[in-house]
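Okay, here's what each chain looks like letter by letter:
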Amino acid sequence: MTNKTRKTFLGIALAVLILSCSVLVVFAVSDGINNQDAVAENTVTPQPEEAPITFKSIDEYDIKPQAKPGSKAEKILLDVLSRKNMTEMEIRDYNATPDDIKELTYEQAREQERYYRKLFDEAKEPANWDELEKDVDNFRKSEKYRLYANAIAVEQDLVEVLRDELLYRATSARFERKFYFLDDPEFMETALPEDIRREINAVAWCDFVIKVTEDWVVAQDVEGANKQIEQLRRIDYLFGNYNNYGAINYYTTDTSYFTGLLEKYNSGVPLDEIIFW
């Protein structure tokens, strides 16, 4: 497959991945240059929230996971629900899954995901529209199996899913901030000091999340796995919160807060003392 074709597929792949992410990663491109009052109001270093982060239980969602009564899919779903509370995004992904895929176990779904992804990755440059459609269809199938497997993942499997997804988002976000801003000579020469600080803080935050996520070790027991799942979801929540409201959180008077996170972590300070759960 040529580079040109792979770029086309990459665009399709990224579009699907963006729509399927559990937390929509949106980095605010600041309009603070034209709104100095807003910038001035947000020059305070971020402080811990007053109340701990809480997550809804499945009974609080407006939607519920649906499987045909008496089917193999229902048995698999009931087993999953006995071992974890599905998130709202997991429920949506599960309900969007075709009925035949819902009857697959986690391992079977992963096997199918890898099969269709391999077909897509190893495809040659399509010679006609039909071949192109076939390649795109293989990618879409791999995504269906991936989203279903993610939705029903429990315990150690779920730790790996959350870790990989968070690492992917943080790594992608860091690349974008570096490539489009800090590594761009024109930006560095023309940007206002607060805009440069914003990007330094954004990259520092990504560095911290990446390091913490990379250091995670998949637990070998249910209790340990459930604790890691909770912690990973809270880091994911904070990651999305800072990114979605970046213009507020990144506009600090200096860079000590965000750059200090990784410094504290590397020095051995417990994670619970670095970020607020």
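About the criteria used
- Residues numbered from 1 in each chain as written.
- Predicted model: local features only at pLDDT ≥ 70, side-chain atom pairs only at ≥ 80, totals over all residues.
- Heavy atoms only, no water.
- Helix = DSSP H or I, 4+ residues; strand = E, 2+ residues; numbered from the N terminus.
- Buried < 20%, exposed > 50% of the residue type's maximum accessible area, 1.4 Å probe, protein only.
- Contact = heavy atoms within 4.5 Å.
- Areas by Shrake-Rupley, 256 points an atom, 1.4 Å probe, with all protein chains shown as cover.
- Axes fitted to C-alpha atoms, helices over the stretch in contact; angles between N-to-C directions.
- Parallel < 35°, antiparallel > 145°, perpendicular 65-115°, else oblique.
- Left-handed = near helix turned anticlockwise from the far one by under 90°.
- Nonpolar A, V, L, I, M, F, W, Y, C, P; charged D, E, K, R; others polar.
- Phe/Tyr/Trp six-rings, centres within 6.5 Å; stacked < 30°, edge-to-face > 60°.
- pLDDT = per-residue confidence, 0-100.
- Salt bridge = Lys/Arg side-chain N within 4 Å of Asp/Glu carboxyl O.
- Arc of directions from axis to C-beta.

## Things to note about the overall build of the chain
The helix and strand tally for the chain stands at 14 helices and 0 strands. In the chain, the succession of helices and strands from N to C terminus is α-α-α-α-α-α-α-α-α-α-α-α-α-α. For the chain, the residues scored as buried account for 42% of the 277 residues in total. If you take every contact in the chain between residues at least 6 apart in sequence, the share linking residues at least 24 apart comes to 78%. As presented, the chain carries roughly 15,800 Å² of accessible surface, and 52% of it is formed by carbon and sulfur atoms.

## Structural notes on the packing of helix 6 (residues 106–121) against helix 7 (residues 129–152)
With their axes 8 Å apart at the nearest point, helix 6 and helix 7 run at an angle of 155° to one another. Taken together, helix 6 and helix 7 sit at an angle that is classed as roughly antiparallel. Read as a crossing pair, helix 6 and helix 7 show a hand that is left-handed. Two secondary-structure elements touch here, helix 6 through Tyr 106, Ala 109, Arg 110, Gln 112, Glu 113, Tyr 116, Arg 117, Leu 119 and Phe 120 and helix 7 through Asp 135, Asn 138, Phe 139, Lys 141, Ser 142, Tyr 145, Arg 146, Tyr 148, Ala 149, Asn 150 and Ile 152. Partitioned by chemical class, the residues of the contact of helix 6 with helix 7 number 10 nonpolar, 4 polar and 6 charged.

## Focus: the packing of aromatic side chains
Applying the stated criterion across every chain yields a total of 11 aromatic pairs. Arranged with centres 5.4 Å apart and planes meeting at 15°, the rings of Phe 175 and Phe 179 form a pair that is stacked. You can see Phe 175 and its partner Phe 179 sitting in helix 8 (residues 155–182), 4 residues apart, about one turn around the helix. Residue classification places Phe 175 among the exposed positions, given a relative accessible area of 52%. Ring plane angle 90° and centroid distance 6.2 Å describe the contact between Phe 208 and Tyr 265, whose orientation is recorded as edge-to-face. Taken together, the residues span a long stretch of sequence, with Phe 208 in helix 10 (residues 193–214) and Tyr 265 in helix 13 (residues 256–266) at a distance of 57 residues.

## With respect to the confidence of the model for the chain
Taken as a whole, the chain shows an average pLDDT of 80; of its residues, 74% reach a score of 70 or greater. Confidence over residues 12–44 falls short of pLDDT 50; this stretch has 60 contacts with residues more than four positions distant or in other chains.

## Brief notes about the environment of Lys 227
Within the fold, Lys 227 resides in helix 11 (residues 222–244). As for Lys 227 and Val 159, which are separated by 68 residues in sequence, their C-alpha atoms are 9.5 Å apart.

## Thoughts on the pattern of salt bridges
Counted according to the given criterion, the structure contains 21 salt bridges. Across the pair Asp 183 and Lys 178 runs a salt bridge, and its minimum N-O distance is 3.4 Å. Assessed through its relative accessible area of 49%, Asp 183 is described here as partly exposed. Here the salt bridges do not stand alone but share partners, grouping Glu 143, Arg 146, Glu 165, Arg 169 and Asp 236 into one network.

## Some details on helix 3 (residues 72–81)
The set of residues buried in helix 3 consists of Ala 73, Ile 76, Leu 77 and Val 80. Down the axis of helix 3, the buried set is contained in an arc of 100°. They therefore lie on one face. In helix 3, those exposed residues whose orientation departs by more than 90 degrees from the buried face are Lys 75 and Leu 78. Its buried side turned inward, helix 3 meets helix 4 (88–95), helix 5 (99–102) and helix 7.

## As for unusual backbone geometry
Even without a glycine there, the phi angle at Glu 155 is positive, about 50°. Under the relative-accessibility criterion, Glu 155 is labelled buried at 13%.

## A look at the packing of helix 10 against helix 13
For any two helices packed against each other, one specifies the inter-axial angle together with the distance between the axes. Across the interface, helix 10 lies against helix 13 with an axial gap of 7 Å and an inter-helix angle of 25°. When the interaxial angle is binned, helix 10 and helix 13 end up roughly parallel. With respect to the hand of their crossing, helix 10 and helix 13 are arranged in left-handed fashion. Touching Ile 200, Asn 201, Ala 204, Trp 205, Asp 207, Phe 208, Lys 211 and Val 212 of helix 10 are Phe 258, Thr 259, Leu 261, Leu 262, Tyr 265 and Asn 266, all from helix 13. Tallied by class, the residues present in the contact of helix 10 with helix 13 amount to 9 nonpolar, 3 polar and 2 charged.

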